[in-house]
Amino acid sequence: MDKKEIFTHYLIDDSSAEILIVKRNLSSIGQVMQNKLIFKFWRRTHIKESTDTEIGTINTHEEEKDNHEWDNPLEFIFSLISNSVGLGNVWRFPYLAAKSGGGAFLIPYFILYFLIGAPIYYLELALGQFSSRGPATAFLLAKGWQGVGFAMIINSVLCMLYYNVIISWALFYFISSFRTNLLWKKCGYWWNDARCFVPGADSSSFRVNGTTYNCTEPQFLNRTEYLCEQINATDRVTATEQFFFQLLLNKSNKFEDFGRPRAYPAVSLLLAWIIVGACIIRGVKSSGKVAYFTAIFPYIVLLVLIIQSSLLNGAIQGIKYYVIPRWELVAKFETWQAAASQVFFSLGLSFGSLMAYSASNKFNNNFFRQMCIVVSCDCFTGVFAGFAVFATIGYLSTELKESVSKYADASGPGLAFITYPEAIAHMPASSLFSILFFLMLLALGLGSQFALTDVPITSILELFPRFKSQRELTVIITCVVSFLISLPFTCPVRIEVFLNFISEYRTNISMVVVGFFEVYVIAYVYGFNRFMNDVKMMLGKRAAEYYLFLTWCILSPIIMLVITFSNLLTSKQMSNGAGAGYEAYVYPGWSTIVGWCIFVACIIPIPLLFIINYIQEYFSLRRKEIIRSTGPSTDNGSPDDNNYPEKPRYIEAFTQNNAPRYDWGPKKSINHIGLYAYLKTVESKDAIVLDRITNVSNDGYSNRSYQEDCISNKNAPQTPIERH
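Here the structure is a predicted model, which means the values were calculated and not measured.

Trainee: Can you explain the pattern of salt bridges? Please cite residues and give values.
Mentor: Scanning the entire structure with this criterion turns up 10 salt bridges. With its nearest N and O atoms 2.3 Å apart, the salt bridge here joins Glu 69 to Lys 668. With Glu 69 in the loop between α2 (52–65) and α3 (73–84) and Lys 668 in the loop between α25 (649–657) and α26 (686–694), this residue pair connects regions lying 599 residues apart in the sequence. Its relative accessible area of 23% is what places Lys 668 among the partly exposed residues. The closest approach of N and O atoms between Asp 71 and Lys 285, which form a salt bridge, is 3.0 Å. Taken as a pair, Asp 71 in the loop between α2 and α3 and Lys 285 in helix α12 (residues 284–309) lie far apart in primary sequence, 214 residues in all. For Asp 71, a relative accessible area of 43% gives the class partly exposed. One connected set of salt bridges, linked through shared partners, spans Asp 71, Glu 75, Lys 285 and Lys 289.

And the structure:
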């Protein structure tokens, strides 16, 4: 064969990086064109011939440029508390507890906290700290499962968009509290109507012969002056409810009545995003300082509210409803589903925020001890806040002459904006308590919002490294885009119904599914033993090994599968009961389809990226086989040459798909020890690779020894070593 027609192939034997150099008609193609062709097919990071000093200098420069660590461990602990202890502990946990049987809800809640919540919390902190990566790249430990990280990002973005809407409501109430007389304390304002009343003995509606009137008995006796009118039971609306639904939300009657954005909630939402952007503009360097306030202040206010609400008339009835279990509800799957969703929502699991925060830790930080502190605080904060909520519910149900269960169920997501304000309105110095309470809600909400917003920002900086020096601009753009996307939440549509709709399909199902795949990938794909060895590199011990083996490898996956399938099988069309002057509402049929689309969108990256990466691995192996078959023959007639174990291509592609990527391991070079010592030989600067490529020798190889290892000698060990 003519030398001009010879094809010379060059392969870096790594599933993620290949170079195919084709040299044809070398006499007519110049060296410059050859080098451009080489660079065109260059992918990701490659091996170079360089000294350890050169590599160390490069890595040190990169690490100094990307020095994004917590100033001290206390800021990290407070930020975790702020992330986990959020608005859900004040309005979501008490609401679910009331809906699921009061004290009966605490039994599955504590069980799932111990068997699912704490183990996954440990997993996410350990994975983020070990790899110094956020969810976008942390799952490179199993190349085909990177979709788990992207599913976490989608969950975080969806929650981030509507969570800040709730924060904007708290901001509106906070600003409205700077008055001598609170706007929801009495009727008579332009947004109130004839149905408005203030709970209390002096405002109880008069009933006679089964007919209810919108006035008291003395007023009924002088009905001409007070214009008493006959009303339905659902027409009695408290001043607090009308302030929330009529003034702030201008709530529509139907899910389809969307309308235009309202001024009050839109401006409040804008202010909320400005506050979030200002606090995270410098990442953990700025949000860590704010965490001192957002973590400590809410506990002080909650303690004051518990003392005050326990002194209200009827408070003991609400507390009894809260602490006395209704055992018949413990056996229902709905109770366990609600408990599981609350555990994930409260701890911030499957959002990626824990990974993003722990990625900024020092490699040897004792995250296990910090996890125990934070999980304990979060678990008991919901219970702690429940006493204040149910004491207030007991008071309101006594004043309304209704059962505690009926009033608690009717409150829904507006619990923090109806029940609590009602209690505050009956306190002495109500304006002061209102300022403190809604400042507490802002602290609770912003602490979680900082973490949620940090997830897409961290992911952008990881996926597009050229933006790392422009973090401030990335934060600003993210906040502006998020505000515009969430602006429809300020429309008069039954917004609390809409938020409940998103939460039902995103939180109750998708987060559990993502949590299952997190545990599966670590315990079975990457390997439980290997991961515990990684933990030992950080902590010097395999912390909580037996507990994690029992939960990760056995109990947690089984429980999450049961909860997921029971949730799917028992799913039904959503509805809301009557209350606050609105009739009972059943969601339209098309909303169920939209809901399942939201669920699919949250988890679709997991199978999609697995399939895509499998196809890439399959064709990568095919190209390698072609290269080997056309390369120089190394057959020396040895009888052992053809006896080495082989796998069919589709099986080998599956194996490679579940293997770590060639550069998986601790991100910082100082931690490249033991099993990860080979990472010191991995190229870390693209410019040097390009320099090596442009100096290719005449035979087409930049490293002759590498050519001999990879092509001439099939049995020789190859670099970098990919661990299976």
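Trainee: Any chance you could break down the nonpolar core for me, citing the residues and the numbers?
Mentor: Grouped together as the largest cluster of nonpolar side chains are 166 residues, with contacts concentrated most on Tyr 121, Tyr 122, Phe 417, Leu 441 and Trp 552. At 18 residues, helix α21 (residues 495–539) tops the list of elements feeding residues into this core. Setting aside residues up to four positions removed in sequence, Tyr 121 forms contacts with Leu 80, Ser 84, Leu 347, Leu 349, Leu 354, Met 371, Val 374 and Val 375.

Trainee: Could you give an account of the environment of Gly 386, naming the residues involved and the relevant values?
Mentor: Within the secondary structure, Gly 386 sits in helix α16 (residues 367–400). A residue is classified by how much of its surface remains accessible, and Gly 386, at 0% relative accessible area, is buried. Sequence separation between Gly 386 and Ala 98 is 288 residues, and the spatial gap between their C-alpha atoms is 9.5 Å. With sequence-adjacent residues up to four places away left out, Gly 386 is seen in contact with Pro 94 and Tyr 322.

Trainee: Which residues make up unusual backbone geometry, and what values go with them?
Mentor: If a residue is not glycine, its phi is most likely negative; likewise, a peptide bond is most likely trans. With a phi angle near 55°, Ser 132 is a residue other than glycine that sits in the positive phi range. Following the sequence through the fold, Ser 132 ends up in the loop between α5 (106–131) and α6 (135–138). Accessibility expressed as a relative area gives 14% for Ser 132, which makes it buried.

Trainee: Provide a residue-level description of the packing of aromatic side chains, including the pertinent values.
Mentor: Under the defined criterion, the tally for this structure stands at 54 aromatic pairs. When the ring of Phe 130 is compared with that of Phe 363, the centres are 5.7 Å apart and the planes differ by 45°; the resulting orientation is tilted. With a gap of 233 residues between them, Phe 130 in helix α5 and Phe 363 in the loop between α15 (353–358) and α16 connect regions that are remote in the sequence. A relative accessible area of 1% means that Phe 130 is categorised as buried. Here the aromatic rings of Phe 130 and Trp 664 are separated by 6.0 Å at their centres, their planes lie at 45°, and the arrangement is tilted. Here Trp 664 lies in the loop between α25 and α26 and Phe 130 lies in helix α5, a separation of 534 residues in the sequence. Since its relative accessible area comes to 0%, Trp 664 is described here as buried. One Lys or Arg, Arg 649, reaches over the ring of Tyr 618 and ends 5.2 Å from the middle of that ring.

What counts, and where the lines are drawn
Residues numbered from 1 in each chain as written. Predicted model: local features only at pLDDT ≥ 70, side-chain atom pairs only at ≥ 80, totals over all residues. Heavy atoms only, no water. Salt bridge = Lys/Arg side-chain N within 4 Å of Asp/Glu carboxyl O. Helix = DSSP H or I, 4+ residues; strand = E, 2+ residues; numbered from the N terminus. Buried < 20%, exposed > 50% of the residue type's maximum accessible area, 1.4 Å probe, protein only. Core = buried A, V, L, I, M, F, W, Y, C linked by side-chain atoms within 4.5 Å. Contact = heavy atoms within 4.5 Å. Phe/Tyr/Trp six-rings, centres within 6.5 Å; stacked < 30°, edge-to-face > 60°. Lys NZ or Arg CZ within 6 Å of the ring centre and 35° of its normal.

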